[in-house]
Amino acid sequence: MKEPKSEWKNNFAHFIPELRKQIADVRERNDLIKLLSDSLHSVNEFSSVRIHSVDHRTNTYFPFFLDQKSGARNLSEFKALSNARASLDDPIIRDAIVAANSFIVCLNDFACAEPIPYWLRVNIDYGLREVLVTPLKIKSDIVGICYCWSDKSNSFSSTFIHIMDSLSTELAYAVSNTIIHEMLDPRGWINDMLLNFSYDLSAIRTRQELHLVMERDLKKLFHFDEFLIITFAPPRNSDTILLTSLGPQPELLDWIRTNMTNETVWQQTANTTAPVIINVEDIDFHDAPPCLDPADRHNGGEIMLKILSENNDSKYGLILISYKKNVFDPLDRHITQCISRHLATTVSNILANEELGRKEKHRALLLSLSHDIAAVRNKDDLTKAIEKVVSQLSSISRFVIRGINEDQKTMSLFLYDKHVKTAIEELGHYFVLDAVYPIADGISDLVLAGNATIVFDLQEWIDKGNAPSYFQFWRSMSVEKCVATPLQTATQKLGIFWVDSDEPDIEMMDSMCAQISIAMSNIMANEQLIQYKQLLEIENEHLQEQIKSIYNFSDIIGTSPPMQRVYQLMSLVAHSNATVLIQGETGTGKELIARGIHESSPRKNKLMVKVNCAALPLTLIESELFGYERGAFTGAFERRIGKFELAHHGTLFLDEIGELPLEVQVKLLRVLQEREFERLGGKTSIKVDVRIIAATNRNLLAEVNAGRFRSDLYYRLNVFPIAMPPLRERREDIPSLAHFFLERYNNNHRCKVTGISAAAINELKAYHWPGNVRELEHLIERSILLSNGKILTKISLPDLNDTVPGGQDKHAINLASVEKQHIINILRQCSGKISGKGGAAELLKLPPSTLNSKMRKLGITKNAKIE
């Protein structure tokens, strides 16, 4: 290194005294930085000058000031150097403590040493090769160290080294005086930085912005490793930790939630406005994480606590963490106290802005939901509308709506979202879809009794042993908490809206459910309207049928003693609700008697619904009788009510009851016993008030003995039996019946037949009438059509030789054979035509389906129709 020029040497005697005087007058560290940097660089070429202050209390040293040529390559390194504290046991420092004069250190000697202090590693990496170390001592006690750094070797002249030794005592006093001055009057540089910090805080609107200012600006004021801002009263759906620099350290964050947010820790700050310093090793923290483990004497840290008050309201707390002990000094505490009020205001403003943003978002979501609700017509529409809102709410994962059933005592699944559907399929819990839950289960009744949203801890209820089964279902989906909100209108309780949420937004839930309730009420009303429409259509069909055949007792033709006995029985049973079983041969008028009983009963203003059990295919009998729900089977696109439900408060006439298959007889028996049933694919029982009248041409007791009819059903039906006499046992009624049918079909066919000859009447009386009154009716109609005069003189009776084997009593002929032959004769007459105008069904006064059923039963083949 070259020595200074001669002209400079001439001024050397004046340079040192003048510089000493200037150093003695310094009270601000910024002034000292500028003075040393300008004066020393004019004497010797080197890279930068720094002074580190020694803290004997913590046995550490830290930067007192760094000039702009500090060796840091970027802002991050500069901040690291500015805030770094190192042990007095570090290399170079040990030598400086015992040294009396300045000495030069070659940094290459430390390049491969381990461990090496961070600040030294940064300078080596920066390319510095040499440092002049000057101990700053007062009466042999070191107060600091001055470093002059150079990126070259042999950079420092002996004159420069002499100058540094000459100035060392003045620099030591300057460092000491500056520190004392700052502690006694921090209004200098610290006030400038606090002003800048406060200015930055005033512009903050988000947590991210506050995080940046805390990391960027507060660490310029003093050193700390991590910070947290907590709240003692967490806002809606928020954590107790509002802001932290810890990042993804769940172990440490959980420990802080457990230990640093309780009153025990913060009560130390209650009686002071100053921050409180806690050494971790002095307090029994449970399960402290490794970084704050008090058992680790080397890394055991300290924590600064400060309540952030706003308008005397202690809402928040500031936690500053150092991973080493004895770091926070009185100046750090003073700075923290200065910023606390402004920091509390900033946090309050951030939370207020978040609340405004949340409300604005919720208003937009509720407006969108309102528009979607207006277009809802069914459950699928409502499910999609709710899913659309829920997908934008992080607080809700899954939802289910349970509706109150018609009995007002139970609840069933009304709708659910796709996530619940997936869970049901994956877990195989399909029973949930059809499950019926009582309202009085301690949960549903609690929710429905009030107007508020309730949060349930599932495991807590399950552990009590009184949790309903649907709580078990939620837990099987790993749900911890369920939130229940009642769905209701001003006049009606509708159900409960269940959601999976650990942090529910109660206000949003209530607002959503108010709209969901309206949609649910509209859907239920719409379903009821569809049901009423179906009911009216079916009732209209049956009323039209009844209009065509309005009967009362006076419409029943016959005054014979057997018929008088029937009339007497009808009178006795008509005004009761007893089940009636009408038995008799085919064509004896069983339906006519059933209608007469209904029209004479208190139920006459309601429907009498007829079901021909023989005409229904086996696969449709159950759905026809009991109805079905939408989706109960392929093709069930909407709900349809059955005959039992249609006949509510009226009469159900089960014709040909003996034709019911055994599997349907079981279900019919339950309805007769309990007066309730479920629709096919339904979940709830439907109670009905129906009077049953059954009819059959079979001997049911013989059928029971043969195992083709259930005995319990027989006895349930055979409460009040009425036996219809065959026409051959009431021959005195034949003339009245013949004239009645003559008048009817004379008008229908616009014929002019006015009477029947006595010979024809006698011929009718002599016939054995296997088809009974129905056969008589059809023969009269046929005779009218074939007659050419005004008086019927000849009746087209079947040939007895064709129907009765020789030598056999004509009354002993097989009834089925006679019926079969009669149908074949009519088919031949109609040229094989069954339905439509002039078809066999019309002539026989039978529905085409009934005629086809009888033909199959009697074995009438297609060829037999026209042979």
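Each value, and the rule that gives it
Residues numbered from 1 in each chain as written. Predicted model: local features only at pLDDT ≥ 70, side-chain atom pairs only at ≥ 80, totals over all residues. Heavy atoms only, no water. Helix = DSSP H or I, 4+ residues; strand = E, 2+ residues; numbered from the N terminus. Contact = heavy atoms within 4.5 Å. Areas by Shrake-Rupley, 256 points an atom, 1.4 Å probe, with all protein chains shown as cover. Buried < 20%, exposed > 50% of the residue type's maximum accessible area, 1.4 Å probe, protein only. Pairing = 2+ DSSP bridges. Axes fitted to C-alpha atoms, helices over the stretch in contact; angles between N-to-C directions. Phe/Tyr/Trp six-rings, centres within 6.5 Å; stacked < 30°, edge-to-face > 60°. Lys NZ or Arg CZ within 6 Å of the ring centre and 35° of its normal. Patch = residues over 30% accessible without salt bridge, like charges linked within 9 Å, V, L, I, M, F, W, Y side chains within 5 Å. Salt bridge = Lys/Arg side-chain N within 4 Å of Asp/Glu carboxyl O. Lys, Arg positive; Asp, Glu negative; His and termini not counted. Charge placed at Lys NZ, Arg CZ, Asp CG, Glu CD. Parallel < 35°, antiparallel > 145°, perpendicular 65-115°, else oblique. Nonpolar A, V, L, I, M, F, W, Y, C, P; charged D, E, K, R; others polar. Core = buried A, V, L, I, M, F, W, Y, C linked by side-chain atoms within 4.5 Å. pLDDT = per-residue confidence, 0-100. Polar contact = N/O pair within 3.5 Å; in protein donor to acceptor, adjacent residues only side chain to side chain. Left-handed = near helix turned anticlockwise from the far one by under 90°.

**Student:** Provide a residue-level description of the overall build of the protein, including the pertinent values.
**Tutor:** Counting its regular elements, the protein contains 33 helices and 28 strands. For the protein, the share of sequence-separated contacts (at least 6 apart) that also reach a separation of at least 24 residues comes to 68%. Here the protein displays about 42,000 Å² of accessible surface, and carbon together with sulfur accounts for 50% of that area.

**Student:** Account for the pairing of strand β17 (residues 493–500), naming residues and giving values.
**Tutor:** Extensive coverage of β17 is indicated by the burial of seven of its eight residues. The pairing of strand β12 (residues 399–404) with β17 spans five bridges and is classified as antiparallel. Bridge pairing in β17 places R402 opposite I496. Relative to β17, strand β16 (residues 481–488) runs antiparallel, the two sharing seven bridges. Each residue of the ladder has a partner; that of L487, found in β17, is G495.

**Student:** Give me the lowdown on the environment of E354, citing residues and values where you can.
**Tutor:** On the secondary structure map, E354 appears in helix α12 (residues 330–374). Considered as a pair, E354 and R205 are 149 residues apart in the sequence and their alpha carbons are 8.9 Å apart.

**Student:** Before we move on, can you summarise helix α33 (residues 848–858) with the specific residues and values?
**Tutor:** Buried residues of α33: T850, L851, S853, K854, M855 and L858, and no others. Two residues or fewer after α33 comes G859, characterised by a positive phi angle close to 75°.

**Student:** Lay out unusual backbone geometry with the relevant residues and their values.
**Tutor:** Even without a glycine there, the phi angle at Q408 is positive, about 60°. Relative to the helices and strands, Q408 resides in the loop between β12 and β13 (410–416). The backbone of H649 shows a phi angle near 70°, a positive value even though the residue is not glycine. Structurally, the position occupied by H649 is in the loop between α23 (643–646) and β22 (651–655).

**Student:** A description of the sheet that holds strand β25 (residues 691–696) should follow, citing residues and the corresponding values.
**Tutor:** With parallel pairing, five strands are arranged side by side in an open sheet as β19-β22-β25-β18-β26. Across the chains shown, the open sheet's two edge strands, defined by having one partner strand only, are β19 (608–612) and β26 (720–723). Adjacent strand axes in the sheet meet at a mean angle of 20° when their direction is disregarded. Each of β18 (580–583), β25 and β26 is contacted by helix α20 (residues 561–574), which is oriented at about 155° to β26, the strand it contacts most.

**Student:** Can you lay out the packing of aromatic side chains for me, pointing to particular residues and giving the numbers?
**Tutor:** Under the defined criterion, the tally for this structure stands at 22 aromatic pairs. Centroid distance F46 to F160: 5.6 Å. Interplanar angle 45°. Geometry classified as tilted. Taken together, the residues F46 in the loop between α3 (29–41) and β1 (48–55) and F160 in helix α7 (residues 158–184) connect sequence positions 114 residues apart. Residue classification places F160 among the buried residues on the basis of a relative accessible area of 0%. Summarising the aromatic geometry, the rings of Y437 and Y470 are spaced 5.1 Å apart at their centres and angled 85° between planes, so their arrangement reads as edge-to-face. Taken together, the residues Y437 in strand β14 (residues 436–438) and Y470 in helix α18 (residues 469–476) connect sequence positions 33 residues apart. Comparing Y437 with Y470 shows no difference in burial state: the two are buried. An aromatic cluster of at least three residues, connected via ring pairs, comprises Y437, F456, W461, Y470, F471 and W498. K379 extends its terminal NZ or CZ atom over the ring of F414, reaching a point 4.5 Å from the ring centre. The ring centre of Y470 lies 4.5 Å from the NZ or CZ of R402, which sits over that ring.

**Student:** Now, about a negative patch on the surface: what can you tell me, with residues and values included?
**Tutor:** On the surface, a cluster of negative charge is contributed by D457, D463, E480, D502 and E503. Mapped onto the secondary structure, E503 falls in the loop between β17 and α19 (506–548).

**Student:** Now, about the packing of helix α9 (residues 207–221) against α12: what can you tell me, with residues and values included?
**Tutor:** Following both chains from N to C, one finds α9 and α12 inclined at 170°, their axes separated by 11 Å at the closest point. By the angle between their axes, α9 is roughly antiparallel relative to α12. Seen from α9, the contacting residues are R207, L210, M214, L218 and L221; seen from α12, they are I335, I339, L343, T346, V347, I350, L351 and E354. Class assignment for the residues of the contact of α9 with α12 results in ten nonpolar, one polar and two charged.

**Student:** Can you explain the sheet that holds β1? Please cite residues and give values.
**Tutor:** Read across the sheet, six strands follow the order β3-β2-β1-β6-β5-β4 without closing on themselves; strand pairing throughout is antiparallel. Each having just a single partner strand, β3 (86–87) and β4 (103–106) make up the two edges of the open sheet. Bridge count for β1 against strand β6 (residues 141–150) is six bridges, and the pairing is antiparallel. In the strand pairing of β6, S53 is matched with G144. Against the sheet, α3 contacts β1 and β2 (60–66), and its axis sits at roughly 70° relative to β2. With respect to the sheet, helix α6 (residues 118–126) is in contact with β1, β2, β3 and β6, its orientation differing from that of β6 by roughly 15°.

**Student:** Residue-level account of the pattern of salt bridges, with values.
**Tutor:** For the coordinates displayed, the defined rule picks out 31 salt bridges. E645 is the partner of R679 in a salt bridge, and the nearest nitrogen-oxygen pair spans 2.7 Å. With R679 in the loop between β23 (676–677) and β24 (686–687) and E645 in helix α23, this pair connects stretches of sequence that are 34 residues apart. Accessibility assignment for this pair places R679 and E645 in one class, buried. Here E676 ties to R670 by a salt bridge, and the two come within 3.4 Å at their closest N and O atoms. Each of E659, R698, E703, R708 and K857 takes part in salt bridges that share partners, so that together they form one network.

**Student:** Let's hear about the nonpolar core: which residues, and what values?
**Tutor:** F644, L652, L654 and I657 are the most contacted members of the largest nonpolar core, which has 33 residues in total. When residues of this core are traced back to their parent elements, those giving at least two are β19, α22 (618–626), α23, β22, α24 (662–674), β25, α25 (700–705) and α26 (711–717). The greatest single-element share of this core, amounting to five residues, is contributed by α24. In this structure, I33, F46, C146 and F160 belong to the second largest nonpolar core, which totals 31 residues.

**Student:** Break down the confidence of the model for the protein for me, citing the residues and quoting the values.
**Tutor:** When pLDDT is averaged along the protein, the result is 80, and 84% of the positions lie at 70 or above. Ranking the elements of the protein by mean pLDDT puts helix α30 (residues 800–803) last with 49 and β18 first with 95. A low-confidence stretch, residues 70–76 (pLDDT under 50), is modelled with 16 contacts involving residues beyond four sequence positions or located in other chains.

**Student:** Go over the pairing of β6 with me, naming the residues and quoting the values.
**Tutor:** Most of β6 is tucked away: nine of the ten residues are buried. The hairpin turn running from strand β5 (residues 130–138) into β6, its antiparallel successor, is two residues long, and K139 in that turn takes a positive phi close to 55°.

**Student:** Describe the environment of T134, with residues and values.
**Tutor:** Topologically, T134 is positioned in strand β5. Remark: the alpha-carbon pair of T134 and C148, spanning 14 residues in sequence, is separated by 8.4 Å. Separated by 2.8 Å, the side chains of T134 and S102 make a polar contact.

**Student:** Describe in detail the packing of helix α31 (residues 815–829) against α33, supporting the description with residues and values.
**Tutor:** In the contact formed by α31 and α33, the axes pass within 10 Å of each other and the chain directions differ by 125°. Put simply, α31 runs oblique to α33. Crossing geometry of α31 relative to α33 is assigned as left-handed. Contacts between α31 and α33 involve A816, E819, K820, I823 and L827 from the former and L851, K854, M855 and L858 from the latter. Considered class by class, the residues forming the contact of α31 with α33 number six nonpolar, no polar and three charged.

**Student:** Tell me about the side chain of T410, residues and numbers included.
**Tutor:** Of note, T410 is situated in strand β13. At 2.8 Å, the side chain of T410 forms a polar contact with the side chain of N405. Only 3.0 Å separates the side chain of T410 from the side chain of D407, close enough to count as a polar contact. Residues within four places of T410 in sequence aside, it is in contact with G403, I404, N405, V436, Y437, P438 and I439.

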